[in-house]
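# Analysis of the macromolecular model
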Amino acid sequence: MGEYKKWAPVVLMLAGMMVTSCGEDDNGPNAGDNFDQKGFLEHVGNSLIVPAYQELEQKSGILRDKISSFIASPESSTLEEAKTALFEARIAWQYCSPYQFGPAEESGLVSNLNIFPADRSKIERNIENGSYNLGTLANNDAKGFAALEYLLYGKDVTSGEVIQGFADQPQRATYLQNVAELIIATAAEVYTAWSPDGGNYLGEFTSDGALGADAGSSLGKLVNALNLSFERNTRDAKIGIPAGIRSLGITIPEATEAYYAGYSLELALANVDAYKKLFLGQTREGVKGLGFDDYLKARKAATTSGSELPLDEAINAQFDAVLGFIDQIENPLDEQIRTDNSRVQQVFAQMQQLAVLLKTDMASALGVVISYQDNDGD
């Protein structure tokens, strides 16, 4: 008893320090360290990333086959089937857009599939010459979905005129087929690399060695890829450049994605939905798993803008705002830019608010350093 009385003040002091320390961790920078990061990565990898790449491969294969059918029998019905397959493959691509790291980066997936707008002069020159290498940097804007779209749609021409163009210039069909083959080959390469039955990059992505928040961690790669793709491929490429915000005030309506097909907004809506589903850990079928929102809840993260909403709720609400503003625009997007560009600029403004929440607030709350460079001042 004497020994207890002797050490009681010290024991009480240490106990008090432990309570204080625990309290600080619950609300401080280390809050949420007990979050199941491995479970989060496993859900994102298994339920979002691998299925997205699998669907891209499947839709790209169908696209290749429908183009082959059109080439074998060039008529209105086969042309429309090829156009439908192109649209469906492009929608599938939108759900792969947030995951441009690892195999996608190594395979040049963006370069081979979705550089837009297409350089029609370069495409026509390649076709005319009959000699080209689609693997070169110089041909990035002469291949992919945008090139197929240009060849299958044209601008202000009828389906009959498109078909006649292939009849008059047989090498046009060869080019169409070569572009489609490169798309499926690249999509298949990336899916195989991620697949547990292939290269199993999924195993590396979810491994214990990939945990943490540093630059080499899966979380670090995921947060950086999400932000980079959203800023450059969505906010700027889909909206900012055509609307003149990222092009020195000069509007470039023909720079819109799907300029010839006229479904730019459908692609933009699907793309933003892909980022939102990643944030929520939600599959395209609506099944909810661990997402960034849960991670932020565990960390009790707040916004830096003074919003009364917790960060997870603020980001979710801003996703809805972006989707709502896009939904108010009239198709085709290039005509909307020409007739009332202010509505398109409002979409960009909403996207910019979302970019700040994702890149500044979310990355900081998760302890992730943004490692790519930009010049937009976020």
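What counts and how
Residues numbered from 1 in each chain as written. Predicted model: local features only at pLDDT ≥ 70, side-chain atom pairs only at ≥ 80, totals over all residues. Heavy atoms only, no water. Helix = DSSP H or I, 4+ residues; strand = E, 2+ residues; numbered from the N terminus. Buried < 20%, exposed > 50% of the residue type's maximum accessible area, 1.4 Å probe, protein only. Contact = heavy atoms within 4.5 Å. Areas by Shrake-Rupley, 256 points an atom, 1.4 Å probe, with all protein chains shown as cover. Polar contact = N/O pair within 3.5 Å; in protein donor to acceptor, adjacent residues only side chain to side chain. Phe/Tyr/Trp six-rings, centres within 6.5 Å; stacked < 30°, edge-to-face > 60°. Lys NZ or Arg CZ within 6 Å of the ring centre and 35° of its normal. Core = buried A, V, L, I, M, F, W, Y, C linked by side-chain atoms within 4.5 Å. Expected span 1.5 Å × (residues − 1). Axes fitted to C-alpha atoms, helices over the stretch in contact; angles between N-to-C directions. Parallel < 35°, antiparallel > 145°, perpendicular 65-115°, else oblique. Left-handed = near helix turned anticlockwise from the far one by under 90°. Nonpolar A, V, L, I, M, F, W, Y, C, P; charged D, E, K, R; others polar.

Broken down by element type, the protein carries 16 helices and 0 strands. In the protein, buried positions account for 50% of the 378 residues. Restricting the contact set of the protein to residue pairs at least 6 apart, pairs at least 24 apart contribute 74%. Accessible surface computed for the protein: about 16,800 Å², of which carbon and sulfur atoms make up 51%.

On to the environment of Gly289, then. Topologically, Gly289 is positioned in the loop between helix H12 (264–280) and helix H13 (292–298). Once the C-alpha coordinates of Gly289 and Glu42 are considered, the two residues, 247 residues apart in sequence, prove to be 10.0 Å apart. Beyond its immediate chain neighbours, meaning those up to four positions away, Gly289 contacts His43, Leu280, Gly281 and Asp294.

So, about the side chain of Lys122. As for its placement among the helices and strands, Lys122 is situated in helix H6 (residues 120–129). For Lys122, a relative accessible area of 16% translates into the label buried. Here the side chain of Lys122 touches Asp141 through a polar contact of 2.9 Å, side chain to side chain. Dropping the residues within four chain positions of it, Lys122 is found in contact with Ala138, Asn139, Asp141 and Ala142.

Applying the stated criterion to the full structure yields 17 aromatic pairs. With centroids separated by 6.0 Å and ring planes inclined at 70°, the aromatic side chains of Phe40 and Tyr295 adopt a geometry described as edge-to-face. Taken as a pair, Phe40 in helix H2 (residues 37–72) and Tyr295 in helix H13 lie far apart in primary sequence, 255 residues in all. A relative accessible area of 0% means that Phe40 is categorised as buried. Connected via pairs of aromatic rings, a cluster forms that spans Tyr53, Phe101, Trp194, Tyr201 and Phe205. Seen from the ring of Phe166, Arg172 lies directly overhead, with NZ or CZ sitting 6.0 Å from the centre. Sitting over the ring of Tyr95, Arg284 keeps its end group 3.9 Å from the ring centre.

Another point: the nonpolar core. Counting 108 residues, the largest nonpolar core has Tyr53, Leu56, Trp194, Phe292 and Ile315 as its most contacted members. If we ignore the near neighbours within four places in the chain, the residues touching Trp194 are Ile49, Val50, Tyr53, Phe101, Pro103, Asn200, Tyr201, Leu202 and Phe205.

Turning next to H12. In this model H12 runs 25 Å from its N-terminal to its C-terminal C-alpha over 17 residues, within 8% of the 24 Å that 1.5 Å per residue would give. Taken across its 17 residues, H12 has 15 buried, putting it largely inside the fold. Downstream of H12 by one or two residues, Gly281 has phi in the positive range, about 65°.

Here we come to the packing of helix H3 (residues 76–94) against H12. As a packed pair, H3 and H12 sit with axes 8 Å apart at the nearest point and diverge in direction by 30°. The angle between H3 and H12 falls in the class roughly parallel. For the crossing formed where H3 meets H12, the hand is right-handed. Together, Phe87, Arg90, Ile91 and Gln94 of H3 and Glu266, Leu267, Ala270, Asn271 and Ala274 of H12 make up the contact between the two elements. Along the lines of polarity and charge, the residues of the contact of H3 with H12 split into 5 nonpolar, 2 polar and 2 charged.

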